[in-house]
Amino acid sequence: MPFPKTRLRRLRRSPILRELVRETRLDPGDLILPLFVEEGLEGRAAIAAMPGVQRLSVAEVVQEAGAARALGIPAVLLFGIPAEKDEEGSGAWDDEGAVQLATRAIKRAHPDLLVVTDLCLCEYTSHGHCGLLSDDGQVDNDATLELLARAAVSQARAGADIIAPSDMMDGRVGHLRSALDDEGFGGLPIMAYSAKFASAFYGPFREAADSAPAFGDRRGYQMDPANGDEALREVLLDVQEGADLLVVKPALAYLDVVARAKEATHLPVAAYNVSGEYAMVKAAAAAGHIDERAVVLEALTSIRRAGADIIITYHAKDAARWLQEM
């Protein structure tokens, strides 16, 4: 009905009324905390580009995982940093590698916490690319699939609850599904980074994970930021190959892709609030330009409003504390 009988401000008159009619809710149970575990490290090592985030030893990653669980965060996402790298990235399928050791240790200490293991070769290869290189210096898609399968099976044997391939090789979800099934892990979910863009927002992560390419870039396999329709094709292909959950990465600059993926698939969709997004908020807050708590909660709520069921974010612990205080 027209004004003055229709007054939308009536439902904004008080905090309790706004809470009653709130359409989108954010909860610690929606969050996944990414963690970096470094082989051979003792204690913690600060990451200059990501204030408040550190590389962790296995013992420290267990402690950090426990702190996350105590805040109501249901899952952590592990990234491994090996002591040595080679052209194949063989550390990714080392049963005594950083991720595998951390997974076993976390599951022993916190059996009710979900451990999600990122699956990619970029942290493990001497050249920093996400797969095996062919003679012309390009990533060999099909040869890389077998290496990813070895790593996935190794992570599964270590006790991972969810395998999360982030490499963006064509056909990898189906290949991993077959490999896991053949090894007796038919019940293990795959959370596919289905729409991972070749984004400028990844810079701080590459410092954190020591994964910057030694030459070139990743635009030959990660997605063009301009392409939304192609992102949906990627999503649907991963669904056809057996993905159980989907990831859109980054989050804030790609909320349209999050919304389209959710609408098209009705699968659980995760959005990765990436390192550059995190670092910008931290820098602006440190300079006094923004209210960090208000901006973080607004940003995470916007990701949920776009359709994400899960948010992978370095803000997870802070956000969980703030939400408990509300």
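This paragraph deals with empty space enclosed by the protein. Once rolled over the atoms, a probe with the size of a water molecule shows which space is left empty. Taken as a whole and assessed by the stated rule, the structure comprises two cavities of 30 Å³ or more. By volume, the largest cavity is sized at about 110 Å³. Lining of the largest cavity is provided by 14 residues; of these, Cys122, Lys196, Phe205, Arg218 and Lys249 occupy positions nearest its centre. The residue inventory of the lining of the largest cavity, partitioned by class, reads five nonpolar, three polar and six charged. Roughly 50 Å³ of volume is contained in the second largest cavity. Every residue lining the second largest cavity is listed: Leu252, Asn273, Glu277, Val281, Val296, Ala299, Leu300 and His315. Of all the elements in the fold, those that place two or more residues in the lining of the second largest cavity are α9 (275-286) and α10 (292-306). At three residues, the largest contribution of residues to the lining of the second largest cavity is made by α10.

Following the criterion strictly, the structure yields eight aromatic pairs and no others. Aromatic pair phenylalanine 36 and phenylalanine 205: ring centres 5.5 Å apart, planes at 55°, arrangement tilted. Of this pair, phenylalanine 36 sits in strand β1 (residues 31-38) while phenylalanine 205 sits in helix α6 (residues 203-209); the two residues are 169 residues apart in sequence, bridging distant segments of the chain. A single burial state applies to phenylalanine 36 and to phenylalanine 205, both of which are buried. Within the aromatic cluster, the residues linked to one another by ring pairs are Phe36, Phe79, Tyr193, Phe205, Tyr272, Tyr278 and Tyr314. It is lysine 249 that lies over the ring of tyrosine 202; its NZ or CZ is 5.0 Å from the centre.

Here the focus is the packing of helix α2 (residues 58-70) against helix α3 (residues 98-109). Running from amino to carboxyl end, α2 crosses α3 at an angle of 45°, the nearest separation of the two axes being 9 Å. As far as their axial angle goes, α3 and α2 are oblique. Every pair of crossing elements has a handedness; the one defined by α2 and α3 is right-handed. Residues Val58, Val61, Val62 and Ala65 of α2 lie in contact with α3, whose contacting residues are Leu101, Ala102, Ala105, Ile106 and Ala109. Taken together, the residues of the contact of α2 with α3 break down into nine nonpolar, no polar and no charged.

Moving on, we come to a positive patch on the surface. On the surface, Arg7, Arg9, Arg10 and Arg12 cluster together into a patch of positive charge. Relative to the helices and strands, arginine 9 is located in the segment before α1 (15-20).

Within strand β8 (residues 245-249), five of the five residues are buried, leaving the element largely enclosed by the surrounding structure. Burial of β8 is two-sided: the residues Leu245, Val247 and Lys249 facing one way and the residues Leu246 and Val248 facing the other way are all buried. One ladder, built from five bridges, connects strand β7 (residues 191-196) with β8; its direction is parallel. The partner of methionine 191 across the bridge, within β8, is leucine 245. Pairing between β8 and strand β9 (residues 269-273): three bridges, direction parallel. Counted as the bridge partner of valine 247 is alanine 270 from β9.

So, about the pattern of salt bridges. All chains considered together, the criterion is met by 23 salt bridges. The salt bridge partner of aspartate 217 is arginine 219, with a shortest N-O separation of 3.8 Å. With relative accessibility at 44%, the residue aspartate 217 sits in the partly exposed group. We classify arginine 219 as exposed; its relative accessible area is 56%. One connected set of salt bridges, linked through shared partners, spans Arg44, Glu60, Glu64 and Lys317.

Time to look at helix α4 (residues 141-158). Over its 18 residues, α4 runs 26 Å from end to end, which matches the ideal 26 Å to within 8%, given 1.5 Å per residue. Counting buried residues along α4, 13 of its 18 residues qualify, which places the element largely inside the surrounding structure. With a side-chain oxygen lying 3.3 Å from the backbone nitrogen of aspartate 142, the N-terminal cap of α4 falls on aspartate 140. One or two steps after α4, the chain reaches glycine 159, where phi turns positive at roughly 110°.

Calculation notes
- Residues numbered from 1 in each chain as written.
- Predicted model: local features only at pLDDT ≥ 70, side-chain atom pairs only at ≥ 80, totals over all residues.
- Heavy atoms only, no water.
- 1 Å grid on protein atoms, 1.4 Å probe; cavity = no way out; pocket = protein on both sides within 12 Å on 5 of 7 lines; lining within 4 Å.
- Points joined across faces, edges and corners; volume = space filled by probe spheres on them.
- Nonpolar A, V, L, I, M, F, W, Y, C, P; charged D, E, K, R; others polar.
- Helix = DSSP H or I, 4+ residues; strand = E, 2+ residues; numbered from the N terminus.
- Phe/Tyr/Trp six-rings, centres within 6.5 Å; stacked < 30°, edge-to-face > 60°.
- Buried < 20%, exposed > 50% of the residue type's maximum accessible area, 1.4 Å probe, protein only.
- Lys NZ or Arg CZ within 6 Å of the ring centre and 35° of its normal.
- Axes fitted to C-alpha atoms, helices over the stretch in contact; angles between N-to-C directions.
- Parallel < 35°, antiparallel > 145°, perpendicular 65-115°, else oblique.
- Left-handed = near helix turned anticlockwise from the far one by under 90°.
- Contact = heavy atoms within 4.5 Å.
- Patch = residues over 30% accessible without salt bridge, like charges linked within 9 Å, V, L, I, M, F, W, Y side chains within 5 Å.
- Areas by Shrake-Rupley, 256 points an atom, 1.4 Å probe, with all protein chains shown as cover.
- Salt bridge = Lys/Arg side-chain N within 4 Å of Asp/Glu carboxyl O.
- Lys, Arg positive; Asp, Glu negative; His and termini not counted.
- Charge placed at Lys NZ, Arg CZ, Asp CG, Glu CD.
- Pairing = 2+ DSSP bridges.
- Expected span 1.5 Å × (residues − 1).
- Polar contact = N/O pair within 3.5 Å; in protein donor to acceptor, adjacent residues only side chain to side chain.

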